[in-house]
Amino acid sequence: MSYEIRVNGQTARVDVASDTPLLWVLRDELGLKGTKYGCGIAECGACTVLVDGKPTRSCRLQIRRAEGAEIETIESLSPDGTHPLQLAWVAEQVPQCGYCQSGMLMTSAALLRANPSPSDADIDTAVTNICRCGTYPRVRAAIHRAVGEMTPTPTGSDDQGTTGS
Amino acid sequence: MKITRRQVLVSGAAVGGGLVLGAFMVDGDVRKQARKIHGEDGEFFLHTWIRVANDGTVTVLVPHSEMGQGVHTSLPMMLAEEMDADWEKVRMEQAPAHPTFANPSLPRGFILPGDVPGLFNDMVDYATLKTAQLMNLQLTGGSTSLRYTGRYGMRQAGAAARWMLAKAASKRWQVPQAEIEVAQSILSHPATGKELGFGDLAAEASTLDPPNKLELKSPADYSIVGQSKPRFDIPDKVVGKPVYGIDVEPEGLRYAAVAHIPVFGGAVRSYDASKALAEPGVETVVEVEGGLAVIADKYWTAQKALRALEIDWDDAGNGEVSSEDILRRQVADIEGGELDVDREEGDAEGALAAAANRVEATYSVPYLAHAAMEPLNCTAWVRPDGCDVWAGVQNLLAARAQAADVTGLDPDTINVHPVMLGGGFGRRGMFSLDYIRQGVDIARQVPYPVKMIWSREDDMRHDAYRPAITARLTAALDDSGSPSAWLNDHIGKNEPSEAAHIPYAIANTRIRYGEDQTHVPFGTWRSVAHSQHAFFTESFFDEVATAGGRDPYELRRELLADRPDMVAVLDAAANSAGWGSPLPEGRGRGIAIVESFGSIVAEVAEVTVDPESGVKVDRIVCAADTGEVIHPDGLAAQLESGIIFALSATLYGEITIKNGRVVERNFPDYPMMKMADTPVIETVLVPSGRPIGGAGEVATPPVAPAVANALFAATGRRVRELPLRKAGLA
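Residues numbered from 1 in each chain as written. Chains lettered and ligands numbered in written order. Predicted model: local features only at pLDDT ≥ 70, side-chain atom pairs only at ≥ 80, totals over all residues.

Draft legend 1. The arrangement of the overall build of chain A in detail. In terms of helices and strands, chain A carries six helices and five strands. Ordered by position from the N terminus, the helices and strands of chain A form the series β-β-α-β-β-α-β-α-α-α-α. Expressed as lengths along the three principal axes of its C-alpha atoms, the size of chain A is roughly 45 × 35 × 25 Å. Evaluated residue by residue, chain A yields a buried proportion of 56% over its 165 residues. (Helix = DSSP H or I, 4+ residues; strand = E, 2+ residues; numbered from the N terminus. Buried ≥ 20, exposed ≤ 12 C-beta atoms within 10 Å, placed from the backbone.)

Draft legend 2. The overall build of chain B, seen in detail. Helices and strands together make up the secondary structure of chain B, namely 20 helices and 27 strands. Counting over 730 residues, chain B shows a buried share of 58%. Within chain B, contacts between residues separated by at least 24 positions form 78% of all contacts whose residues are at least 6 apart in sequence. (Contact = placed C-beta atoms within 7 Å.)

Draft legend 3. Highlighting unusual backbone geometry. Residue Pro 723 of chain B is bonded to the preceding Leu 722 of chain B through a cis peptide linkage, with omega at 0°. Positionally, Pro 723 of chain B belongs in the segment after helix H20 (703-715). At Asp 52 of chain A, a position not held by glycine, the phi torsion is positive, near 50°. Mapped onto the secondary structure, Asp 52 of chain A falls in the loop between strand E3 (48-51) and strand E4 (54-57). Asp 52 of chain A sits in the partly exposed class, given 13 other C-beta atoms within 10 Å. The phi dihedral of Asn 659 of chain B is positive, around 50°, even though this residue is not glycine. Its place among the elements puts Asn 659 of chain B in the loop between strand E25 (657-658) and strand E26 (661-662).

Draft legend 4. Quick look at the confidence of the model for chain A. Model confidence for chain A is summarised by a mean pLDDT of 92, while 92% of its residues fall at 70 or above. This stretch, residues 154-165 of chain A, has a pLDDT under 50; its non-local contacts, to residues over four places away or in other chains, come to 18 contacts. (pLDDT = per-residue confidence, 0-100.)

Draft legend 5. How the structure looks around the interface of chain B and chain A. The interface of chain B with chain A comprises 47 residues on the first partner and 44 residues on the second. A total of seven residues in the side of chain B that touches chain A trace back to one element, the largest contributor, which is helix H19 (residues 632-651) of chain B. The residue inventory of the side of chain B that touches chain A, partitioned by class, reads 27 nonpolar, nine polar and eleven charged. (Nonpolar A, V, L, I, M, F, W, Y, C, P; charged D, E, K, R; others polar.)

Draft legend 6. View of the packing of helix H3 (residues 84-91) of chain A against helix H6 (residues 136-150) of chain A. All names here are of chain A. Running from N to C, H3 and H6 cross one another at 130°; their axes reach a closest spacing of 8 Å. Compared by their axis directions, H3 and H6 come out oblique. The handedness of the crossing between H3 and H6 comes out as right-handed. In this structure, H3 contributes Pro 84, Leu 85, Ala 88, Trp 89 and Ala 91 to the contact, and H6 contributes Ala 142, Arg 145, Ala 146, Glu 149 and Met 150. (Axes fitted to C-alpha atoms, helices over the stretch in contact; angles between N-to-C directions. Parallel < 35°, antiparallel > 145°, perpendicular 65-115°, else oblique. Left-handed = near helix turned anticlockwise from the far one by under 90°.)

Draft legend 7. Spatial organisation of the confidence of the model for chain B. Residues and elements named next belong to chain B. Averaged over every residue, the pLDDT of chain B is 86; the share at 70 or more is 85%. Residue range residues 1-28 is modelled with pLDDT below 50. Its contacts to residues more than four positions away, or to other chains, number 43 contacts. Counted against residues more than four places away or in other chains, residues 102-139, with its pLDDT under 50, gives 96 contacts. Scoring the predicted complex yields pTM 0.90 and, for the interface, ipTM 0.93.

Draft legend 8. Summary view of the environment of Ile 506 of chain B. All names here are of chain B. Within the fold, Ile 506 resides in the loop between strand E20 (483-491) and strand E21 (508-514). The sequence separation of Ile 506 and Gly 346 amounts to 160 residues, and the corresponding C-alpha distance is 9.3 Å. Each residue touching Ile 506, except ones within four places of it in the same chain, is listed here: Pro 483, Ala 485, Trp 486 and Leu 559.

Draft legend 9. Geometry of H19 of chain B. The end-to-end C-alpha distance of H19 of chain B is 29 Å, a good match for the 28 Å that 20 residues give at a rise of 1.5 Å each. Taking burial as the measure, the 20 residues of H19 of chain B include 18 buried ones, the bulk of the element. (Expected span 1.5 Å × (residues − 1).)

Draft legend 10. Fine view of the nonpolar core. Within the largest apolar cluster, 265 residues are counted, with the highest numbers of intra-cluster contacts made by Ala 256, Val 294, Val 389, Val 569 and Ala 573 of chain B. Discounting residues that sit within four places of it in the chain, Val 389 of chain B has contacts with Cys 378, Ala 380, Ala 399, Ala 403, Ile 414, Val 416, His 417, Ile 436 and Val 440 of chain B. (Core = buried A, V, L, I, M, F, W, Y, C linked by C-beta atoms within 7 Å.)

Draft legend 11. Representation of the pairing of strand E17 (residues 414-417) of chain B within the structure. Residues and elements named next belong to chain B. Only one face of E17 is covered, namely the face carrying Ile 414 and Val 416; the face carrying Asn 415 and His 417 is uncovered. Direction of pairing for strand E16 (residues 386-390) relative to E17: parallel, over a ladder of four bridges. Paired with Asp 388 across the strands is Asn 415, a residue of E17. (Pairing = 2+ DSSP bridges.)

Draft legend 12. Just the pairing of strand E2 (residues 50-53) of chain B, in detail. Residue and element names in this part refer to chain B. As judged from the three bridges shared by E2 and strand E3 (residues 58-62), these two strands associate in the antiparallel manner. Across the sheet, the residue bridging to Val 52 is Val 58, located in E3. Turn length for the E2-E3 hairpin, with the two strands adjacent in sequence and antiparallel, is four residues, and the turn residue Gly 56 shows positive phi of about 90°.

Draft legend 13. Fine view of the sheet that holds strand E24 (residues 614-625) of chain B. Residue and element names in this part refer to chain B. With respect to topology, four strands assemble into an open sheet ordered E22-E23-E24-E27, the strand pairing being mixed. What marks the edges here is a single partner per strand, and that holds for strand E22 (587-596) and strand E27 (680-685). Going across the sheet, the axis of each strand differs from the next one's by a mean of 20°, ignoring polarity. Direction of pairing for E22 relative to strand E23 (residues 599-610): antiparallel, over a ladder of ten bridges. Bridging from a neighbouring strand, Arg 587 pairs with Thr 608 of E23.

Draft legend 14. Main features of the sheet that holds strand E14 (residues 357-365) of chain B. All names here are of chain B. Strand order in this open sheet of five strands is E13-E21-E20-E19-E14, and the pairing throughout is mixed. Across the chains shown, the open sheet's two edge strands, defined by having one partner strand only, are strand E13 (340-345) and E14. Direction aside, neighbouring strands of the sheet carry axes that sit 10° apart on average. Packed onto the sheet, helix H11 (residues 323-336) meets E14, strand E19 (469-477), E20 and E21 and runs at close to 40° relative to E19. Strands in contact with helix H16 (residues 530-547) are E14, E19 and E20; relative to E14, the strand with the most contacts, it is inclined by about 155°.

Draft legend 15. Summary view of the packing of H16 of chain B against H20 of chain B. Residues and elements named next belong to chain B. H20 packs onto H16 with a crossing angle of 30° between their chain directions and a minimal axis gap of 8 Å. If you check the angle between H16 and H20, you find them roughly parallel. Seen along the crossing, H16 lies across H20 with a hand that is right-handed. Across the interface between the two elements, Ala 534, Phe 535, Glu 538, Ser 539 and Asp 542 from H16 touch Ala 704, Pro 705, Ala 708, Asn 709 and Phe 712 from H20. Tallied by class, the residues present in the contact of H16 with H20 amount to six nonpolar, two polar and two charged.

Draft legend 16. Inspection of the environment of Trp 24 of chain A at higher detail. Residue and element names in this part refer to chain A. Residue placement: Trp 24 occurs in helix H1 (residues 22-29). For Trp 24, a count of 23 C-beta atoms within 10 Å translates into the label buried. Once the C-alpha coordinates of Trp 24 and Tyr 37 are considered, the two residues, 13 residues apart in sequence, prove to be 8.4 Å apart.

Below is the structure:
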């Protein structure tokens, strides 16, 4: 079956089975390998992308349900790794093996769009991704750091992503 | 003459010591070889691990895999320090899988201190290809990277390179080498004002032979080591760029999903693949080590087609075995008493018979899966004259040996490409490369490259598990309440054996063990047997203290009187945690201390116990003496990581066997600690000047006993089985 999807501001046409998870379309049809397979049942969050701005576990979203939506992956978070969260992630030296971090970053990006100044409890609720290296304390610190650095520029132009124009 | 495994290993270790020195004295031929394998024009090898380019860029070839522990940064730091290189001009590359780049000192990582651990028995199986290849280890594991490659290899290599560059400068300028100064990648001769960069002299230096003797810097003069330099691998990891095994995509790639033999030890009796083959996109179905593989144009196609396979499995007579059976047999084996003595001091039985009071308890821990975030996968392309393999492995050369064994190809024709590892924790080590064998076995049957990906369920149900161990501990107390005898009888794999030994001054001790006869495959799991035995020893120690009416911290201090290094760490943890200060009702504090991989770690856990929701771990204070600190922030990250890894196991981790197979399938029934459950973690470094110790594994063992002891302090309830979830406590 042929499907037309919007990914990172561009339109792509893919030919896959209708129940193919978006995850494998992104990775193997579009070559966007930053989004990772971790569990296949929407439990671990390694595959998190934004679908119409909402954090979504792409391993459980069938391609036929992704048509018409604006999809954002880690590759679009910033053109050059300078999204405040990415800068904070480097400053806090968050990643260890790094495998879950695309999902962590996309989940956190969605959180900050919805709630520019999250409390620890907000972070606990929003970030339910699994990291086996145990980077949680640093993820939390990096989210707070990013908030601190985004606050002086209330226009928030740096967090609008690359889609939608 | 019959050569025993032990003799092979001991002589291997001696050779290892020699090769450590040899490593930096590699002759010109080896450097030429290195350049042929992994060099470019305008670059010169001063050592197999150092390339210097004409523009002065120093590239360090690191012979270890990066799985998040930071070695791709800390090892180059050690080298650059001795070389006096400008850190801004230092780059890192992972060395390819070739003996030229191997870590020659690895076996010593396990061998010192103490005996040759039986862990190495398995290495002989791998080494059956050639016993001489025993030393061809390019392994990341056993906390060896910094301790051995770094301490003996990288530093020496850096110092040798510095010497060769200085020698080249002295020849060019016709001045004595002793008058050459080196700093920030610049060689200078102050008397004449001459100055050149590393790049200007790289070509000349590469033709020189390194010296026989090198002087290393005094730590007081370090300007790179000891600083938390930003890790090289992190910028890519925040933009989704690193290439893990699962990400490789050679031209013409197909995908494979595997139907694994469900009961360990079983086999495929017969199968009918006709329905699967009829599905669009399916290329073929092949029988492979461990099961059947469907190969298709897309991974999802292959995954779905598994359901259409009709397979009659053989269970090898293991189809009725359950975890309860295994535990029952372990207890029976302990009670049967047919045990081997591992260590005996004094007369433990006699002291027990004469004791005023005795304490006895049986402890057990379950199988655990590794559950690294990147499910196991292997991409291979086998041709008649060679083979390429792309997979995350902790030991590239062992992977090459396995691929050679499966294909029958000459190892020199097999290229194992280094890729980033999405976690290892021991699963991707040399003793459990079943997934490499299977991936290559699939690819060997077709003419194109194939990427085999295990589903999370495959990964969880076909692991090389941390062994389930049962231990019966007995202690005798004298009239003053101090322990006079300590006995530990246990069943289960036990590597390294010192994991069951105790550091406490107890006059009469006896440690005995028996092999487990289980059909469940086992492997190395972060900190190996320390994680099980620390739970037994350090929990039971608290039982002994309680029975004698003693404070568990004070009794530890007293019985560690001849180990001031351990007391210092214990005190640091207790003081930072406020040991002895009052806590509210329902809260408790527990302490534990473990020496492993050359490091000492003490932890104090603070927990809150709610009758409804169970245990919440509020805080872990971790004091560590890991010897000389190369990268303080990286060390702290490894300690945090080891603690959170152990908390998942302590609270939730259990792999259950039923009908001969694993019950758990995925994260919901094998849960992990998440952000919301993560306690406050405070790390305190207590460096004593001991040699560099391990970091990645050493914070893991004390967690379970510290939490269990805190639970006891809060409630009076003693937990002797893990995980706490099993007792309804988490």
